[in-house]
Amino acid sequence: MSKSALVISGGGSKGAFAGGIAQYLIEEVKREYDLFIGTSTGSLLVSHLALNEIAEIKKAFTNVTQKDIFDNCPFLIKQEGALTRIKINHFNVLKNFLRGKKTFGESNNLRKLLINEVSVSYFEELQKSSKDVIVCVSNLSLNKVEYKKLRDCSYADFIDWIWISCNYVPFMTLANKNGCEYADGGLGCIIAIEEAIRQGATDIDAIILNTEFQQTNRVHSRNAFDALGSIFGFISDRIEYQNLKIGSLVANEKKVKLRLFYTPRILTTNSLVFKKENMDLWWKEGWEYAQKKIIEEG
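Quantities reported herein were computed from a predicted structural model and do not represent experimental measurements. (Residues numbered from 1 in each chain as written. Predicted model: local features only at pLDDT ≥ 70, side-chain atom pairs only at ≥ 80, totals over all residues. Heavy atoms only, no water.)

Visitor: Can you help me understand the nonpolar core in this one?
Guide: The nonpolar side chains of soluble globular proteins are, as a tendency, buried together. The biggest cluster of nonpolar side chains holds 91 residues, and the ones touching the most others in it are Leu49 and Ile204. In this structure Ile204 touches Ala5, Val7, Ile193, Ala196, Ile197, Val256, Lys257, Leu258 and Arg259, once residues within four positions along its chain are discounted. (Core = buried A, V, L, I, M, F, W, Y, C linked by side-chain atoms within 4.5 Å. Buried < 20%, exposed > 50% of the residue type's maximum accessible area, 1.4 Å probe, protein only. Contact = heavy atoms within 4.5 Å.)

Right, here's the structure in full:
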């Protein structure tokens, strides 16, 4: 029995590009997916995509600001010509440590936003549907990646798992749940192709929010946050490479049809910066990129 899946990687604000691709595939190509798997920013998209509520998630996603995510933002954003620089917010970081927190910043506002955007009625509709929605989280206590299926969760738990999947530690909240510490799913799995195959997918569209090949060297670090960003970016790239290599090998072995969508250019080097004008552009670019790729494939 054939089973199709849409898998979306992590990538912060670049998730807008994934939204554009998904919109084209669902609305124009009329792809009907049985399975939706999201990691980090991908987890913010999959519930609405499964319900075909694309206009709603586009409006919500492209209008997100730092204040919608952070109740204590650990960095300051400074524009230097065409470059966007992130500098440490010493006051907020110190305030977090004085409160006994384990991370530089707190992202509790994001959980509040999720409650507004993923309603109980949406959750119940998805539980009754034949579609599977899964989000990826990293269990730091047990040192493993976990995949949380919507139909196995309560509403409150699923909101928690989406929130946790997006918590890019140490910049965002380190969550405690079920006696374990959890963080961003991307710390363990950037793109869950292998999991989609394990769930029975025979036809997969995977959206990777990076270029297929490295196109530039990283900008030299100018402060502690730049250095951390470069370190985590390097680690994420290595994890993504392994995910794609293993996922492609398993897909080939299982004779699974795998279509990969990359960003054709470097969208940003600071994916924790959310700017409406950028995300509007990236959503449009994602739609146009998917159109071009599908036409070229015939």
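Visitor: Help me understand a nonpolar patch on the surface in this model?
Guide: Nonpolar side chains collect at one region of the surface, where Ile231, Phe234 and Ile235 lie side by side and expose about 290 Å² of accessible area between them. Relative to the helices and strands, Ile231 resides in helix α10 (residues 224-254). (Patch = residues over 30% accessible without salt bridge, like charges linked within 9 Å, V, L, I, M, F, W, Y side chains within 5 Å. Areas by Shrake-Rupley, 256 points an atom, 1.4 Å probe, with all protein chains shown as cover. Salt bridge = Lys/Arg side-chain N within 4 Å of Asp/Glu carboxyl O. Helix = DSSP H or I, 4+ residues; strand = E, 2+ residues; numbered from the N terminus.)

Visitor: Any chance you could explain the packing of aromatic side chains here in plain terms?
Guide: Two aromatic rings, taken as a pair, are described by how far apart their centres are and by the angle between their planes. Under the counting rule described, the total for this entry stands at 13 aromatic pairs. Note on Tyr33 and Phe36: the rings are 5.7 Å apart at their centroids and 75 degrees apart in plane angle, and the pair reads as edge-to-face. A relative accessible area of 2% means that Phe36 is categorised as buried. Ring plane angle 70 degrees and centroid distance 4.9 Å describe the contact between Trp161 and Tyr182, whose orientation is recorded as edge-to-face. Of this pair, Trp161 sits in helix α8 (residues 155-166) while Tyr182 sits in strand β8 (residues 180-184); the two residues are 21 residues apart in sequence, bridging distant segments of the chain. There is no split in this pair, since Trp161 and Tyr182 are both buried. Between the NZ or CZ atom of Lys177 and the centre of the ring of Trp161, over which it lies, the distance is 5.4 Å. (Phe/Tyr/Trp six-rings, centres within 6.5 Å; stacked < 30°, edge-to-face > 60°. Lys NZ or Arg CZ within 6 Å of the ring centre and 35° of its normal.)

Visitor: Is there a simple way to explain the side chain of Ser165 in this structure?
Guide: Mapped onto the elements of the fold, Ser165 is located in helix α8. Judged by its relative accessible area of 0%, Ser165 falls in the buried class. There is a polar contact of 2.8 Å between the side chain of Ser165 and the backbone nitrogen of Ser40. The residues contacting Ser165, other than those within four sequence positions of it, are Gly38, Thr39, Ser40, Ser43, Cys136, Val137, Asp184 and Gly185. (Polar contact = N/O pair within 3.5 Å; in protein donor to acceptor, adjacent residues only side chain to side chain.)

Visitor: Honestly, unusual backbone geometry in this entry has me stumped. Any pointers?
Guide: Excluding glycine, residues mostly have negative phi values, and the peptide bonds linking residues are mostly trans. Going from Val169 to Pro170, the amide bond is cis rather than trans, its omega being 15 degrees. Mapped onto the secondary structure, Pro170 falls in the loop between α8 and β7 (175-177). Look at Asn178: it is not a glycine, yet its phi comes out positive at around 55 degrees. In this fold, Asn178 is placed in the loop between β7 and β8.

Visitor: Explain the packing of helix α1 (residues 15-28) against helix α2 (residues 41-50) here, please?
Guide: Any two packed helices are characterised by the angle at which their axes cross and by the distance between the axes. Here α1 crosses α2 at 25 degrees, and the two axes come no closer than 10 Å. Classified by the angle between their axes, α1 and α2 sit roughly parallel to one another. Considering how the two elements wind past one another, α1 and α2 form a crossing that is right-handed. Facing Gly15, Ala18, Gly19, Ala22 and Ile26 of α1, the residues of α2 in contact are Thr41, Leu45 and Leu49. The residue inventory of the contact of α1 with α2, partitioned by class, reads five nonpolar, three polar and no charged. (Axes fitted to C-alpha atoms, helices over the stretch in contact; angles between N-to-C directions. Parallel < 35°, antiparallel > 145°, perpendicular 65-115°, else oblique. Left-handed = near helix turned anticlockwise from the far one by under 90°. Nonpolar A, V, L, I, M, F, W, Y, C, P; charged D, E, K, R; others polar.)

Visitor: Honestly, the pattern of salt bridges in this entry has me stumped. Any pointers?
Guide: Pairing between side chains of opposite charge can happen when their charged atoms approach one another. As enumerated under the stated definition, the model contains 15 salt bridges in all. Note that Asp132 is salt-bridged to Lys3, the shortest N-O span being 3.8 Å. With Asp132 in strand β5 (residues 132-139) and Lys3 in the segment before β1 (4-8), this residue pair connects regions lying 129 residues apart in the sequence. Overall, Asp132 belongs to the buried group, its relative accessible area being 10%. Where Asp157 meets Lys177, a salt bridge forms, and the shortest distance between an N and an O atom there is 2.8 Å. Pair noted here: Asp157 is in helix α8 and Lys177 is in strand β7, with a separation of 20 residues, a long-range link. Within this structure, Arg31, Asp205, Arg259, Lys293 and Glu297 form a network of salt bridges that share partners.

Visitor: What am I meant to see in the pairing of strand β2 (residues 35-39) here?
Guide: Regular strands place their side chains on alternate faces of the sheet. Among the five residues that make up β2, five are buried, leaving the element largely enclosed by the rest of the structure. Neither face of β2 is exposed, since Leu35, Ile37 and Thr39 on one face and Phe36 and Gly38 on the opposite face are all buried. By the bridge criterion, four bridges tie β1 to β2 in an arrangement that is parallel. Within the sheet, the bridge partner assigned to Leu6 lies in β2 and is Phe36. Read from β1 through α1 to β2, the crossover connection turns out right-handed. Inspection of the sheet shows β2 paired to β5 by five bridges, in the parallel sense. What sits directly across from Gly38, in β5, is Val135. (Pairing = 2+ DSSP bridges. Right-handed = clockwise from strand over helix to strand, strands pointing away.)

Visitor: Explanation requested: the environment of Tyr24 in the structure shown.
Guide: Counting through the fold element by element, Tyr24 comes out in helix α1. Given the relative accessible area of 9%, Tyr24 is considered buried. Along the chain, Tyr24 and Glu288 lie 264 residues apart, while their C-alpha atoms are 8.1 Å from each other. With residues near it in sequence (within four places) discarded, Tyr24 still touches Val29, Trp287, Ala290, Gln291 and Ile294.

From the geometry alone we can't say anything about function, so treat these as descriptive.
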